[in-house]
Amino acid sequence: MPVLLPMAEQVRQAALIERREGTYRLNMQPRHAIWVIGLFVIVCGTAQAATPAGLIGPVDALFKWMGFILWGPEGALTGFALNLIISLLAMLIGTVAGAALGLMQVSLLLPVRQGSWLVTQFFRNSPWLVLLFTIMLLFPFEIDLGFVVIPVPDWMKAVVGFSLPVMANISEVVRGAVQSLPSGQWESAESLAFTRRQTLWMIILPQCIKRMIPPWINWYCILAMATPLCSIMGVEESVTYTAQALNAEGDRPELIPIFYSFLLVIHFVYTYPIARWSIRIEKRFAVKT
Amino acid sequence: MLDAIAPFFEKLYDDTGWNFIVFYEQYEYDRLIEGIGVTIQLIIASLVFSLVVGIVGAWAQGAKSAIVRYVIAGYIQVFRNTPPFVQILFFYFVLGNLTPSYDAGGYQVAWIGNFGWAVISLGFFAGAFNVEIFRSGIEAVPNTTREAADALGYTRLKSYIHIVFPLAFRVCLPALNNNLVNLLKTTTLAYGIAVPEMMYTANQIWSDNVNVSEMMILLFFFYIGLVSVLVYGMHKWERQMKIPGYG
């Protein structure tokens, strides 16, 4: 039925992919980013100019606390730096665990396949905050190995809490990529007398990597944007420090907009280029059919 | 309801120590029900708001004025690339400070409370995705269909209501459903500004009764159940709305 354009089919396909990978296809242009940051600078300038004499202006206050929000007190590496550390470590753990779980989802053994499917769906469909709370409250604050006691600080628990949903989503990405390959690849490998393991490692997975990289980067962006959640549990990251800095300045109402906008801007500046980059990679890797 | 299940859970507590207090004590039970109610209200309100934002945004994206188009594009970029949690805090602490309040007998009450701000910020967050979804759906309706409607004497608005929108809606329904499931999970962030929804209520209950693991199990059941029901219903609806002979 040629009533709807092929475009409608494209929209449908995009939604299917999105459902499988659980991420959004981003569509963005650099000039928007310049506008956003320009607006922030103008607002800062206006707020500074409107400050009554004798009080520290919003921009001066922001400069005073900027280092604190970005990397915490001297030598501590907290604040926004901790956001990045948490996101990178959670991504590392989530990717390794998710890849294993994803491969289990294409296993030939029924119990393995069903079990890993259940685990994946469980962690994929629970809200991040609930998972984070569970790990934060139920994980021990130290691990006693008999000969040595390892303390587990809050931010490490947060890493575990964030890696669980990432794991489940990466697992779906892996499963989707493996299943998206045409079955001819499996059949021709079989006819060339490859074993199943050889087929998977030497034929299927190398082709999947290309398909998995864009959603994988996209998931990293989503994870990086979720890390401020752990401020609810008092992890000393950027949101916690912003609130503390505002407190130290006496919670003056004219400072609050500038500080929270600054928080939005640093996250934006960090995730935006990565999201752009994932789009470029996706275009380059796009399979021509 | 409570009378029927209370004996079982009381016995469970006595026998095993699993303290599902919400199922045998009236006070905690009422709290839980209230929390569930607020969560569902929050979901419905922010969903409706996000759909309105999406439709208006998609319409404004086709505006003649370049400034309007820039504003919409900037809005989408900002809300997609900043943490939703910080967005909620921003709305509540920054804009909440700037909006007027009225005198309620000695103390000031803001016109828009924390529930209102949660709905607004979640609506704008999900709306940023809805704008693109609606736009792609409308673009998918071919020009020839519009022209055919024109030839049949439909006005612009009537052809939008009777022909373009029904087709576009069917095209973007799967993408909308994905977004809706995400929105459902994002409502937990309202915890950050003390909206008494499910997550917040559960926290209060486990703080009073020291039954963290039991409440956690309940939370998982609640949210996964909610997501499952939603996904099931939406898939059913999607199948019914499918355009015959297409896809």
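Our subject in this report is the structure included herewith. (Residues numbered from 1 in each chain as written. Chains lettered and ligands numbered in written order. Predicted model: local features only at pLDDT ≥ 70, side-chain atom pairs only at ≥ 80, totals over all residues.)

What to know about the overall build of chain B
If you tally the helices and strands in chain B, you get nine helices and two strands. For chain B, the N- to C-terminal ordering of α and β elements is α-α-α-α-β-β-α-α-α-α-α. What you see for chain B is a C-alpha radius of gyration of 23 Å, clearly larger than the 18 Å of a compact globule of 247 residues, by over 25%. Taking the principal axes of the C-alpha coordinates as reference, chain B spans close to 75 × 50 × 30 Å. Each of the 247 residues in chain B was classed as buried or not, and the buried ones make up 40%. Pairs at least 24 apart in sequence give 71% of the contacts found in chain B among residues at least 6 apart. (Helix = DSSP H or I, 4+ residues; strand = E, 2+ residues; numbered from the N terminus. Rg over C-alpha atoms; globule rule 2.2 N^0.38 Å. Buried ≥ 20, exposed ≤ 12 C-beta atoms within 10 Å, placed from the backbone. Contact = placed C-beta atoms within 7 Å.)

Thoughts on the overall build of chain A
A count of helices and strands for chain A gives 11 helices and two strands. Put simply, 71% of the contacts in chain A that link residues at least 6 apart link residues at least 24 apart.

Considering the nonpolar core
Leu223 of chain A together with Leu89 of chain B are the most contacted members of the largest nonpolar core, which has 127 residues in total. Residue contributions to this core peak at 15 residues, all from helix α5 (residues 114-140) of chain B. Not counting chain neighbours up to four residues away, the residues in contact with Leu89 of chain B comprise Val239 and Tyr260 of chain A together with Gly192 and Ile193 of chain B. (Core = buried A, V, L, I, M, F, W, Y, C linked by C-beta atoms within 7 Å.)

Here we look at helix α8 (residues 198-209) of chain B
For α8 of chain B, with 12 residues, the first-to-last C-alpha span of 16 Å sits near the 16 Å given by 1.5 Å per residue. Met198, Met199, Thr201, Ala202, Ile205 and Trp206 of chain B are the residues of α8 of chain B that are buried. Take α8 of chain B and look down its axis: the buried residues cluster within an arc of 160 degrees, on one side only. Turned more than 90 degrees away from the buried face of α8 of chain B, the exposed residues are Ser207 and Asp208 of chain B. Those residues of α8 of chain B that are buried are in contact with α6 (128-138) of chain A together with α2 (26-61) and α9 (212-241) of chain B. Positive backbone phi, at 50 degrees, marks Val210 of chain B, one or two positions downstream of α8 of chain B. (Expected span 1.5 Å × (residues − 1). Arc of directions from axis to C-beta.)

Remarks on the interface of chain B and chain A
The interface of chain B with chain A comprises 47 residues on the first partner and 47 residues on the second. Every element with two or more residues in the side of chain B that touches chain A is listed here: α3 (66-80), α4 (84-98), α5, α7 (156-186) and α9 of chain B. Grouping the amino acids of the side of chain B that touches chain A by side-chain chemistry returns 29 nonpolar, 14 polar and four charged. (Nonpolar A, V, L, I, M, F, W, Y, C, P; charged D, E, K, R; others polar.)

Side note on the packing of α8 of chain B against α9 of chain B
Residues and elements named next belong to chain B. Viewed as axis vectors pointing N to C, α8 and α9 meet at an angle of 165 degrees, and their least axial separation amounts to 9 Å. In terms of their interaxial angle, α8 and α9 are classed as roughly antiparallel. Handedness of the crossing formed by α8 with α9: right-handed. Two secondary-structure elements touch here, α8 through Met198, Met199, Ala202, Ile205 and Trp206 and α9 through Val212, Met215, Leu218, Leu219 and Phe222. Of the residues that constitute the contact of α8 with α9, the class distribution is 10 nonpolar, no polar and no charged. (Axes fitted to C-alpha atoms, helices over the stretch in contact; angles between N-to-C directions. Parallel < 35°, antiparallel > 145°, perpendicular 65-115°, else oblique. Left-handed = near helix turned anticlockwise from the far one by under 90°.)

Points about unusual backbone geometry
Glycine aside, a negative phi is what most residues show, and trans is what most peptide bonds show. We note that Ala193 of chain A has phi near 65 degrees; this positive angle belongs to a residue other than glycine. Mapping Ala193 of chain A onto the fold places it in the loop between α8 (183-191) and α9 (196-226).

A closer look at the environment of Leu176 of chain B
With respect to the helices and strands, Leu176 of chain B occurs in helix α7. For the pair formed by Leu176 of chain B and Val56 of chain B, sequence separation is 120 residues and the distance between their alpha carbons is 15 Å.

Some thoughts on the environment of Ser107 of chain A
Tracing the backbone shows Ser107 of chain A in the loop between α4 (80-105) and α5 (110-125). Sequence-distant contacts of Ser107 of chain A, that is, excluding residues within four places in its chain, are made with Val112 and Arg113 of chain A.

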